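# Notes for the structure review
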Amino acid sequence: GLMIIAGLWVTMVCIVLLVVTLLVLSSLKGWYMWNRVTPKALVGSTVKSGSPIPLLVERVISALFMFIVWIILFPKDKEGDDYTFYTIWNFALATLYFVVVALYSIYYVYNDKELLTVSEPDWIQKFITSMFHICIANALLVDVVYWAVLYPSYDDKSVSFFDVTEHGVNLILLIFEFGLNRIRFTSAFVVHVMAVALAYAIFQWIYGAAGHDLAYFFLDTNELSAPAWYIGVFIGHIFFFYVVFGLSKLKEKHGDLAADSDSSERVHMGQLKGTNGGTNGGDNVIAMDTV
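Residues numbered from 1 in each chain as written. Predicted model: local features only at pLDDT ≥ 70, side-chain atom pairs only at ≥ 80, totals over all residues. Heavy atoms only, no water.

Now for a nonpolar patch on the surface. Together, I53, V57, I61, L103, I106 and Y110 make up a nonpolar patch on the protein surface, roughly 570 Å² of accessible area in all. Within the residue set of the nonpolar patch, elements represented by two or more residues are α3 (53-73) and α4 (86-110). If you trace the backbone, I53 turns up in helix α3. (Patch = residues over 30% accessible without salt bridge, like charges linked within 9 Å, V, L, I, M, F, W, Y side chains within 5 Å. Areas by Shrake-Rupley, 256 points an atom, 1.4 Å probe, with all protein chains shown as cover. Salt bridge = Lys/Arg side-chain N within 4 Å of Asp/Glu carboxyl O. Helix = DSSP H or I, 4+ residues; strand = E, 2+ residues; numbered from the N terminus.)

Written out as C-alpha cells, the structure is:
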C-alpha cells in the first residue's frame, strides 16, 4: 500500500483548505472579473483591428494538430500507463481547449443569426477563459521542468516526436494563441491552476494505493522531504502562472484590450472582419455587445 508520512497529510489538508477557500471567495467576491469576458475578447484577434480570422485559422490548425497527435498516441499505449503523467494530463486539457475554442470561433464567425451577448458570460465563455489560464501556465511549467530538471537526469538522451510535441510544440501553439487572442489574464484564475495540480496529486495517491509506482520521484509520499516537495510543486504552479500574468500585462499595455470590456458599444462581426456588414446585409450580421 501507499505509505504517507504525517507531515504530508497535514500539508495536503492545508493545501485543500486553501484551494477550496480561494475558489469560494473568488466566486463570491467577483475576483474573476467576468465583465472582461466578452465575445470580442474571446473571438476577436489582436491584429487587423480585432479581425477574428487570424485567430480562427490558428485555432483550427492547433486543434487539428493536437487531435491528430492523440489519434496517433492512443494505440501506442495499450496499458494506459502514459496517461498517469502530468504531461499527458495537460496535453489533454490543451487539446480540449483548442477543439472547444476553435468550434466557438467558427460558430461566431459563420453563424448567420444575430447573436447578442449579455453582461454575464455563459458557462462556455467561462470555461474557455478558465481553460486558457490553466493550459498556458501549466504548459510553461511542464516544458521548463521537463527540459531543465527531468531530461538531464535521463540516461537515454534520445528525443522522440512525442517528446518534442508534448514538451515543446504544445507551448508554441499556446504562445501563438496567447499572442493572437484578446483574453486578459486575471489573478483569481491562479486557484484553478492550483486545483488542477491538487487533483493530479490526489489521483497519484489513489494510483499509488492501487499498487502502482508514482509517476514522479518528487511525489514520493514516504520521504521526510515530501512536504517540501509538494509545497514546492504548488509554488512552482503559482510562479509560472504569474510569469504569464506579467506577459499578459505587457500585452495589455501595448494593445487596446481594455476597450473590450470598458466600452459599451456594440461591435458587429462585419466590423471585426474589416467590412461594412455581413455577407447578406444587416439581417445576417452577427452582433456582439462589448459589455
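This is not the end of the story, as more comes after the structure.
Judged by nonpolar contacts, the single largest core of 73 residues is most densely connected at Y86, Y97, F98, I128, Y216 and F241. Secondary-structure elements contributing two or more residues to this core are α1 (6-29), α2 (39-43), α3, α4, α5 (123-150), α6 (161-180), α7 (190-209) and α8 (226-253). Ranked by residue count, the leading element in this core is α5, at 14 residues. Those residues in contact with F241, other than ones at most four positions away along the chain, are H133, A137, F185, T186, S187, F189, V190 and V193. (Core = buried A, V, L, I, M, F, W, Y, C linked by side-chain atoms within 4.5 Å. Buried < 20%, exposed > 50% of the residue type's maximum accessible area, 1.4 Å probe, protein only. Contact = heavy atoms within 4.5 Å.)

Here a ring pair, both rings aromatic, is described through the centre-centre distance and the interplanar angle of the planes. Inspection of the entire model under this criterion finds 33 aromatic pairs. Judged by centre distance (5.3 Å) and plane angle (75°), the rings of F217 and F218 are edge-to-face. Residue F218 is classed as buried on the basis of its relative accessible area, which comes to 15%. One aromatic cluster is present, formed by F85, Y86, W89, Y200, F203, Y207, Y216, F217, F218 and W229 through successive ring pairs. The positively charged end of K251 is found above the aromatic ring belonging to F178, 4.4 Å away from the centroid. (Phe/Tyr/Trp six-rings, centres within 6.5 Å; stacked < 30°, edge-to-face > 60°. Lys NZ or Arg CZ within 6 Å of the ring centre and 35° of its normal.)

This part is about empty space enclosed by the protein. The full count for this structure, using the stated rule, is 1 cavity of 30 Å³ or more. Approximately 60 Å³ is the volume found for the largest cavity. Together, Y32, M33, R36, V37, A41, L42, T129, R182, I183, R184, T186 and F189 line the largest cavity. Each residue belonging to the lining of the largest cavity can be placed in one class, and the counts come to 7 nonpolar, 2 polar and 3 charged. (1 Å grid on protein atoms, 1.4 Å probe; cavity = no way out; pocket = protein on both sides within 12 Å on 5 of 7 lines; lining within 4 Å. Points joined across faces, edges and corners; volume = space filled by probe spheres on them. Nonpolar A, V, L, I, M, F, W, Y, C, P; charged D, E, K, R; others polar.)

On to the packing of α1 against α7, then. Two elements in contact, α1 and α7, have axes separated by 10 Å at closest approach and are oriented at 145°. Crossing geometry of α1 relative to α7 is assigned as left-handed. Residues L8, W9, M12, I15, V16, L18, V19, L22, L23 and S26 of α1 form the contact with α7, whose own contacting residues are V191, H192, M194, A195, L198, A201, I202 and W205. Here the contact of α1 with α7 is built from residues that sort into 16 nonpolar, 2 polar and no charged. (Axes fitted to C-alpha atoms, helices over the stretch in contact; angles between N-to-C directions. Left-handed = near helix turned anticlockwise from the far one by under 90°.)

In this section: α3. The end-to-end C-alpha distance of α3, which contains 21 residues, comes to 30 Å, matching closely the 30 Å that a straight helix rising 1.5 Å per residue would cover. For α3, the set of buried residues is L55, L56, E58, R59, S62, A63, M66, V69, W70 and L73. Down the axis of α3, the sector holding all buried residues measures 165°, keeping them to one side. Projecting away from the buried face of α3 at angles above 90 degrees are the exposed residues I61 and L64. (Expected span 1.5 Å × (residues − 1). Arc of directions from axis to C-beta.)

The final tally for this structure, using the stated rule, is 3 salt bridges. Note that E252 and R184 form a salt bridge whose closest N and O atoms lie 3.5 Å from each other. Of the two residues, E252 sits in helix α8 while R184 sits in the loop between α6 and α7, which places them 68 residues apart along the sequence. In this structure E252 comes out as buried when scored by relative accessible area, which is 13%. We note a salt bridge from K249 to E252, for which the minimum N-O separation is 3.9 Å. Of the two residues, K249 and E252 are both situated in helix α8; the distance of 3 residues between them amounts to about one turn of the helix. One network of salt bridges, in which partners are shared, links R184, K249 and E252.

Here we take up the layout of surface pockets. Estimates place the volume of the largest pocket at around 460 Å³. Lining the largest pocket we find 23 residues, and of these L141, V145, F218, V233 and H237 sit closest to its centre. Looking at the lining of the largest pocket element by element, the count peaks at 8 residues for α8. When grouped by side-chain class, the residues that make up the lining of the largest pocket number 19 nonpolar, 4 polar and no charged.

This next bit is on unusual backbone geometry. If you check the backbone angles, M33 has positive phi at about 55° while not being a glycine. One can find M33 in the loop between α1 and α2.

Bringing the packing of α4 against α6 into the picture now. At a minimum axis separation of 11 Å, α4 and α6 run at an interaxial angle of 35°. The two elements α4 and α6 meet at a crossing, and its hand is left-handed. For the pair α4 and α6, the contacting residues are T87, I88, F91, A94, Y97 and F98 in the first and T165, E166, H167, N170, L173, L174 and E177 in the second. Residue classes in the contact of α4 with α6 are distributed as 7 nonpolar, 4 polar and 2 charged.

Any link to function would need more than the numbers given here.
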